[in-house]
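Reading the structure
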Amino acid sequence: MPEARSRGLRAVSDLPRLRVIEERDAPAVLDAFDDDDMRRQGTIRTLEEAENWVSFMGGRGERLALAIDLGGHMVGAVVVSSIDQENETGWFWYWMHRDHRGKGWMSRAAVTLADHALTEMFLHRLELGHRANNPASGGVARAAGFIQEGIEREKFLVNGVRIDVHTYARLATDPWPETPRLPLDL
Ligand SMILES: CC(C)(COP(=O)(O)OP(=O)(O)OC[C@H]1O[C@@H](n2cnc3c(N)ncnc32)[C@H](O)[C@@H]1OP(=O)(O)O)[C@@H](O)C(=O)NCCC(=O)NCCS
């Protein structure tokens, strides 16, 4: 294979793409949840629990759950759930496998899905909240065009400590951020 073509293919495969979550993602989900920083995302300790999570998330209707796919392997998830068709709203959340954080991929995945939800899915308002002691999540939210609306004071009790939650939303009419998008295969 010519060198330039080989370099080109490598560049493409080094960038994740977004696709729907599939049954084959269960082992990757199980591995991702083996992480103290994922405790607030739920508990997945067995392959069966991971298969149930994947099966639930893969269903369409009340949610759209996307895998962040790197070379065929799921490394993260970005989700619009609790979709309220009457009010055209949805709840937005995300996680990235511990080995793939800090590369800007989550920000890119989040803005890509948020754009899609506010256009193709005809939603008007996406909402999210993150713990005040999870600043990376706030970075993702802002990069994806979300605007902070408030602070829910001392909402959670985590290991005996009360934690504020920062609430954000992005409206279909808000300015679109310049964060680069990821390929989206639906
Ligand atoms: C939150 C999470 C998804 C962030 O993933 P990530 O791979 O670090 O995200 P990105 O690389 O896209 O970067 C996020 C942004 O936060 C910033 N950031 C990262 N760590 C930070 C920190 N400790 N303080 C402030 N900002 C931080 C980054 O610089 C980046 O901002 P930028 O684009 O302006 O540079 C990841 O840490 C995670 O999965 N955590 C566990 C699950 C979780 O908490 N999910 C969110 C629930 S609300």
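Each value, and the rule that gives it
Residues numbered from 1 in each chain as written. Predicted model: local features only at pLDDT ≥ 70, side-chain atom pairs only at ≥ 80, totals over all residues. Heavy atoms only, no water. Helix = DSSP H or I, 4+ residues; strand = E, 2+ residues; numbered from the N terminus. Rg over C-alpha atoms; globule rule 2.2 N^0.38 Å. Buried < 20%, exposed > 50% of the residue type's maximum accessible area, 1.4 Å probe, protein only. Contact = heavy atoms within 4.5 Å. Areas by Shrake-Rupley, 256 points an atom, 1.4 Å probe, with all protein chains shown as cover. Salt bridge = Lys/Arg side-chain N within 4 Å of Asp/Glu carboxyl O. Axes fitted to C-alpha atoms, helices over the stretch in contact; angles between N-to-C directions. Parallel < 35°, antiparallel > 145°, perpendicular 65-115°, else oblique. Left-handed = near helix turned anticlockwise from the far one by under 90°. Nonpolar A, V, L, I, M, F, W, Y, C, P; charged D, E, K, R; others polar.

1. Comments concerning the overall build of the protein
The helix and strand tally for the protein stands at 5 helices and 8 strands. Counting from the amino terminus, helix and strand elements in the protein follow one another as α-β-α-α-β-β-β-α-β-α-β-β-β. Here the C-alpha atoms of the protein give a radius of gyration of 17 Å, agreeing with the 16 Å that 2.2 N^0.38 yields for 186 residues. Overall, the C-alpha framework of the protein stretches about 60 × 40 × 30 Å when taken along its three principal axes. The proportion of buried residues among the 186 residues of the protein is 44%. When contacts within the protein are restricted to residue pairs at least 6 apart in sequence, those whose partners lie at least 24 apart make up 63%. Summed over all atoms, the accessible surface of the protein reaches about 10,300 Å², with 49% contributed by carbon and sulfur.

2. Observations concerning the pattern of salt bridges
Evaluation of the coordinates by the stated rule reveals 14 salt bridges. As a salt-bridge pair, Asp 35 and Arg 101 come within 2.8 Å of each other at their nearest N and O atoms. A residue pair is termed long-range when its members are at least 10 positions apart, and Asp 35 in the loop between helix 2 (26–32) and helix 3 (47–58) and Arg 101 in the loop between strand 4 (89–96) and helix 4 (105–119) qualify at 66 residues. Residue classification places Asp 35 among the buried positions, given a relative accessible area of 10%. When its relative accessible area of 33% is taken as the criterion, Arg 101 is described as partly exposed. For Asp 115, the salt bridge goes to Arg 170, with nearest N and O atoms at 2.8 Å.

3. Describing unusual backbone geometry
Located in the positive-phi region is Phe 122, a residue other than glycine, with phi close to 60 degrees. Along the chain, Phe 122 turns up in the loop between helix 4 and strand 5 (125–131). If you check the backbone angles, Glu 154 has positive phi at about 50 degrees while not being a glycine. Along the chain, Glu 154 falls in strand 6 (residues 147–158).

4. What about the packing of helix 4 against helix 5 (residues 135–143)?
Two numbers describe how helix 4 lies on helix 5: the axes approach to 8 Å, and their chain directions differ by 45 degrees. In terms of their interaxial angle, helix 4 and helix 5 are classed as oblique. In this structure, helix 4 meets helix 5 at a crossing whose hand is right-handed. Contacts between helix 4 and helix 5 involve Met 106, Ser 107, Ala 110 and Val 111 from the former and Gly 139, Val 140 and Ala 143 from the latter. Its residues assigned to classes, the contact of helix 4 with helix 5 comprises 5 nonpolar, 2 polar and no charged.

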